[in-house]
Amino acid sequence: MSFSINTFFFSLIAFLALRAVAADCNPLNTTTTCSPDAALSTEHTWLFNETLDSTLWDMATGELNYTDKGAEFAIRSENASTLLQSNFYIFFGVMEVHATMAVGRGIISSVILQSDDLDEIDWEWLGYNTSFVQSDFFGKGNTTTSNRGGTHLVSDADTVFHNYTIYWDKDRIEWWIDSDLRRTVNYSEPLTVYGKNYPQTPCRVKISNWPVGIASESLGNIEWGGGLVNWDDVPFIMTVQKLRVKDFHTGKEYKYTGTTGSYESIDVISGNSTAKKEIEKKPEETLAEKWDDLGEGAHIGVYVGAAAAAAIAIAGFGWWCARQRKAGRLQRALNDSAAGQSGAELTQMEKPEWRQSQWGQQSYQRVP
Ligand SMILES: *[C@@H]1O[C@H](CO)[C@@H](O)[C@H](O)[C@H]1NC(C)=O
Ligand SMILES: *[C@@H]1O[C@H](CO)[C@@H](O)[C@H](O)[C@H]1NC(C)=O
Ligand SMILES: *[C@@H]1O[C@H](CO)[C@@H](O)[C@H](O)[C@H]1NC(C)=O
Ligand SMILES: *[C@@H]1O[C@H](CO)[C@@H](O)[C@H](O)[C@H]1NC(C)=O
Ligand SMILES: *[C@@H]1O[C@H](CO)[C@@H](O)[C@H](O)[C@H]1NC(C)=O
Ligand SMILES: *[C@@H]1O[C@H](CO)[C@@H](O)[C@H](O)[C@H]1NC(C)=O
Ligand SMILES: *[C@@H]1O[C@H](CO)[C@@H](O)[C@H](O)[C@H]1NC(C)=O
Ligand SMILES: *[C@@H]1O[C@H](CO)[C@@H](O)[C@H](O)[C@H]1NC(C)=O
Ligand SMILES: *[C@@H]1O[C@H](CO)[C@@H](O)[C@H](O)[C@H]1NC(C)=O
């Protein structure tokens with residue numbers, strides 16, 4: 001009984017915590033104080049052949065279909081989109097994705113890094129042509145020019161899983177396709193407004209298949225995507241096979257100090273990141289494995305307890321009652337053991353303060 005009450009309160013607290021941080025928060029807005037970004041703090045590769053850990057990933061729109069080739073990001077009906085975003089952030093690092101693009105006029109497949117103040121580094125596949133991919137970046141959401149995009153030839157991007165890698169540190173951004181360096185943007189050059197619009201704040205990963213060819217988009221955006229979507233052609237499917245993400249900093253969280261949006265203004269808060277703990281945690285044990293983990297001493301203890309219970313039963317409490325006590329003691333022994341081993345219950349409580357999407361199509365501009 002007490003267990004289920006605890007579970008109830010835990011759920012309630014988790015629910016309220018998630019609700020409390022649901023609003024978008026731009027750290028450069030002087031009238032608001034945003035909570036820190038949860039760090040990835042490690043390197044990890046996700047194979048998109050099984051359900052992603054929902055502690056680490058947030059399915060913002062749509063659903064994934066897991067196949068033996070990878071996870072399908074599908075658009076199956078008018079105006080639908082599929083967006084997956086990480087709950088963790090990297091503060092400089094590497095993002096390597098192996099994917100095939102969705103084919104269709106007005107359909108954009110994208111894998112991007114985006115920060116809370118709208119720094120952004122992109123891979124974008126335009127559904128009308130499977131022979132190229134675009135690289136792009138934005139600083140602090142500045143979309144006043146659209147000359148930052150790059151176009152890179154790639155063969156059969158709809159059927160071949162190429163390796164698209166972004167390397168990002170404080171000095172440069174590199175876009176790699178398979179083993180070739182295709183583009184470099186330095187921190188200080190005219191395109192970055194000499195560093196001012198260089199992406200330099202903690203970013204989360206966003207993977208999306210979305211329609212830009214719809215009437216509510218700007219003419220420039222519709223043109224960029226190759227025209228209006230032909231909805232008779234659904235489904236439009238992008239497939240992600242694998243994703244490697246590496247964070248260049250180690251710490252628990254990243255916090256903006258001040259409103260410059262410069263990398264010097266980011267505090268790396270030390271500690272173990274929730275994402276890293278989640279990635280490194282052992283898979284859920286079965287009851288039999290937990291029993292084995294208790295060891296001989298505990299087994300004997302439980303047997304003794306059971307024997308005592310049996311004795312009580314003999315003394316007149318009845319067989320059924322004794323069995324309940326035995327079960328209770330076994331459960332307690334298992335709980336004590338689990339708590340001693342890894343603080344499994346605590347880990348669950350420390351749900352990070354994940355933030356919601358800043359995803360906005362406003363940052364997409366026509367690339368001439
Ligand atoms: C700053 O945040 C406040 C409160 O959330 C909001 O009303 C306002 O529009 C924001 N200003 C800018 C420039 O984003
Ligand atoms: C996913 O792929 C990995 C590596 O090939 C494999 O070990 C794992 O069993 C696969 N998972 C599923 C659910 O097929
Ligand atoms: C998953 O794939 C099946 C078979 O192709 C399809 O019927 C279903 O709608 C798909 N679901 C999603 C969420 O894409
Ligand atoms: C696709 O783009 C490539 C590179 O810009 C171009 O050479 C090719 O003609 C385009 N194909 C089609 C069908 O438009
Ligand atoms: C936005 O970008 C334009 C063009 O690159 C630049 O002239 C301008 O200074 C930038 N604005 C800010 C606030 O950084
Ligand atoms: C993908 O490309 C990057 C950059 O060339 C490279 O570091 C990485 O090892 C490649 N991954 C695989 C699986 O080959
Ligand atoms: C970037 O910097 C490197 C040297 O670090 C230089 O060789 C290269 O020309 C620069 N690229 C641009 C576009 O400024
Ligand atoms: C799709 O979006 C457009 C606006 O871009 C709207 O006119 C249309 O009614 C929408 N269709 C559906 C089925 O919601
Ligand atoms: C981080 O984890 C390590 C190993 O799990 C532990 O020894 C250390 O005390 C933890 N540090 C903090 C700040 O919690």
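Refer to the structure printed above.
No experiment lies behind these values; they were computed from the predicted model shown. (Residues numbered from 1 in each chain as written. Chains lettered and ligands numbered in written order. Predicted model: local features only at pLDDT ≥ 70, side-chain atom pairs only at ≥ 80, totals over all residues.)

**Q** Please explain the overall build of the protein as it appears in this structure.
**A** Along its length, the protein carries 6 helices and 18 strands. For the protein, with 368 residues in total, the buried portion stands at 33%. Put simply, 68% of the contacts in the protein that link residues at least 6 apart link residues at least 24 apart. (Helix = DSSP H or I, 4+ residues; strand = E, 2+ residues; numbered from the N terminus. Buried ≥ 20, exposed ≤ 12 C-beta atoms within 10 Å, placed from the backbone. Contact = placed C-beta atoms within 7 Å.)

**Q** Looking at this structure, how should I read the site of ligand 3?
**A** Neighbouring residues of ligand 3: E63, N65, E72, A74 and R76. Of the residues belonging to the shell around ligand 3, the class tally is 1 nonpolar, 1 polar and 3 charged. (Near = placed C-beta within 6 Å. Nonpolar A, V, L, I, M, F, W, Y, C, P; charged D, E, K, R; others polar.)

**Q** Please clarify how the pairing of strand β10 (residues 132-138) should be interpreted in this entry.
**A** Here β10 lies mainly inside the structure; 5 of its 7 residues are buried. The turn linking strand β9 (residues 120-126) back onto β10 is made up of 5 residues. As defined by bridge partners, β10 adjoins strand β11 (residues 150-153) across 4 bridges and the pair is classed as antiparallel. Bridge assignment links V133 to a residue of β11, and that residue is H152. (Pairing = 2+ DSSP bridges.)

**Q** Any chance you could explain the site of ligand 8 here in plain terms?
**A** Surrounding ligand 8, one finds E78, N79, I214, A215 and S216. Across the shell around ligand 8, the residue classes break down as 2 nonpolar, 2 polar and 1 charged.

**Q** Hey, could you run me through unusual backbone geometry in this one?
**A** Backbone geometry follows two general trends: most residues other than glycine have a negative phi, and most peptide bonds adopt the trans configuration. V234 connects to P235 through a cis peptide bond whose omega is 0°. Mapped onto the elements, P235 comes out in the loop between α2 (219-224) and β16 (236-247). Within the chain, F92 stands out as a residue other than glycine whose phi angle is a positive 70°. Structurally, F92 is set in the loop between β6 (82-86) and β7 (93-100). On the neighbour-count criterion, F92 (22 C-beta atoms within 10 Å) is buried. Even without being a glycine, L118 presents a positive backbone phi close to 70°. Of note, L118 is situated in the loop between β8 (107-115) and β9.

**Q** Please clarify how the environment of T100 should be interpreted in this entry.
**A** Relative to the helices and strands, T100 is located in strand β7. Given 23 C-beta atoms within a 10 Å radius, T100 is considered buried. Once the C-alpha coordinates of T100 and V160 are considered, the two residues, 60 residues apart in sequence, prove to be 6.2 Å apart. When near neighbours in sequence (up to four residues on either side) are disregarded, T100 contacts A157, D158, T159, V160, F161, M238 and T239.

**Q** What should I look at first to understand the sheet that holds strand β1 (residues 37-38) in this one?
**A** Backbone hydrogen bonds are what pair the strands of a sheet, in a parallel or an antiparallel way. The 3 strands are arranged β1-β17-β18 in an open sheet whose pairing can be described as antiparallel. At either margin of the open sheet sits one strand with a lone partner, and together these are β1 and β18 (266-269). Two strands pair when backbone bridges link them, and β1 and strand β17 (residues 253-256) are joined in this way by 2 bridges, in the antiparallel orientation. Directly across from D37, in β17, lies its bridge partner Y254.

**Q** What exactly am I supposed to notice about the environment of V245 here?
**A** With respect to the element layout, V245 can be found in strand β16. With 22 C-beta atoms packed within 10 Å, V245 lands in the buried category. Each C-alpha atom, one on V245 and one on E43, is 5.6 Å from the other, the two residues being 202 residues apart in sequence. Once residues lying within four places of it in the same chain are set aside, the contact partners of V245 are L40, H44, I90, G93, M95 and V205.

**Q** So what exactly am I meant to see when it comes to the sheet that holds strand β15 (residues 203-211) here?
**A** Judged by pairing direction, the sheet is antiparallel, and its 7 strands sit side by side in the order β3-β6-β15-β8-β9-β10-β11 without closing on themselves. Of all the strands in the sheet, the pair left with one neighbour each is β3 (57-61) and β11. Averaged over all pairs of adjacent strands, the angle between strand axes in this sheet comes to 20°, irrespective of strand direction. Relative to β15, β6 is paired through 4 bridges, and the arrangement is antiparallel. By the bridge assignment for β15, T82 is matched with N209. (Axes fitted to C-alpha atoms, helices over the stretch in contact; angles between N-to-C directions.)

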